[in-house]
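If you want the building blocks of each chain, they are given just below.
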Amino acid sequence: MSGAASGDLLISPATAEDVPGIVSLIGRVYAEYGFVYEPRVEVPDLFDFAAHYAEPRGGFFVVRNANAIVGSIGVERLDERSAELHRLYLDTDQRGRGTGRALMEAGIDWCRARGIGHVILWSDTRFDLAHQLYARMGFARTGERTMVGDVNNSREYRFERQV
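Reading the values: the criteria
- Residues numbered from 1 in each chain as written.
- Predicted model: local features only at pLDDT ≥ 70, side-chain atom pairs only at ≥ 80, totals over all residues.
- Heavy atoms only, no water.
- pLDDT = per-residue confidence, 0-100.
- Helix = DSSP H or I, 4+ residues; strand = E, 2+ residues; numbered from the N terminus.
- Core = buried A, V, L, I, M, F, W, Y, C linked by side-chain atoms within 4.5 Å.
- Buried < 20%, exposed > 50% of the residue type's maximum accessible area, 1.4 Å probe, protein only.
- Contact = heavy atoms within 4.5 Å.
- 1 Å grid on protein atoms, 1.4 Å probe; cavity = no way out; pocket = protein on both sides within 12 Å on 5 of 7 lines; lining within 4 Å.
- Points joined across faces, edges and corners; volume = space filled by probe spheres on them.
- Nonpolar A, V, L, I, M, F, W, Y, C, P; charged D, E, K, R; others polar.

## Quick notes on the confidence of the model for the protein chain
Counting all residues, the mean pLDDT for the protein chain is 93, and 95% of those residues have values of 70 or more. Per-residue pLDDT, averaged within each element of the protein chain, yields its smallest value for strand β1 (residues 4–6) (51) and its largest for strand β5 (residues 82–90) (98).

## Here we look at the nonpolar core
With 46 residues, the main nonpolar core has Leu46, Met104 and Phe139 as its most contacted residues. Setting aside its immediate chain neighbours within four residues, Phe139 contacts Leu85, Met104, Ile108, Val119, Leu121, Tyr134, Phe159, Glu160 and Arg161.

## Describing the environment of Phe127
Inspection of the secondary structure assignment puts Phe127 in the loop between β6 (118–124) and α5 (128–136). Discounting chain neighbours no more than four positions away, the residues touching Phe127 are Tyr33, Phe35 and Tyr89.

## Structural notes on the layout of surface pockets
Reported here for the largest pocket is a volume of approximately 960 Å³. The wall of the largest pocket is formed by 42 residues, among which Leu88, Tyr89, Ser123, Phe127 and Tyr134 lie closest to the centre. Contributions of two or more residues to the lining of the largest pocket are made by α1 (19–33), α2 (39–42), β5, α4 (99–113), β6 and α5. With 7 residues, the top contributor of residues to the lining of the largest pocket is β5. Along the lines of polarity and charge, the residues of the lining of the largest pocket split into 21 nonpolar, 9 polar and 12 charged.

Set out below in structure tokens:
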């Protein structure tokens, strides 16, 4: 995983020091979709990075272009046998180039290396391109939920697969 290439870009483990860059990336995607973005409300896990993404609880990976973070994914252990993927976001110029797949593979590889056999994720119903990627990677859509009280009126699909 560390040092995995996606085209000319490098996927590397993230640390708490990367949170501002990850928050900025997600903000750019939210703006693209016209979503309201209050980071402490929308991505609270990032502000408690170690509790969610430090070993052995989880892992987080980013793609950098020069010094800017242009892609991200987190994986958080749910129990000994399952984990949830979080925060797959890409800048628009990274989509359709294999970067999302490489990030997904980094998260799945993290799970595989720890004996985790089942992965889930939730994705806003408006992220059609991501849903196509999940289907190509063997994820099945298995549920849907409405985010009660969410300012963006978000609905999410649940996807899952065996590792």
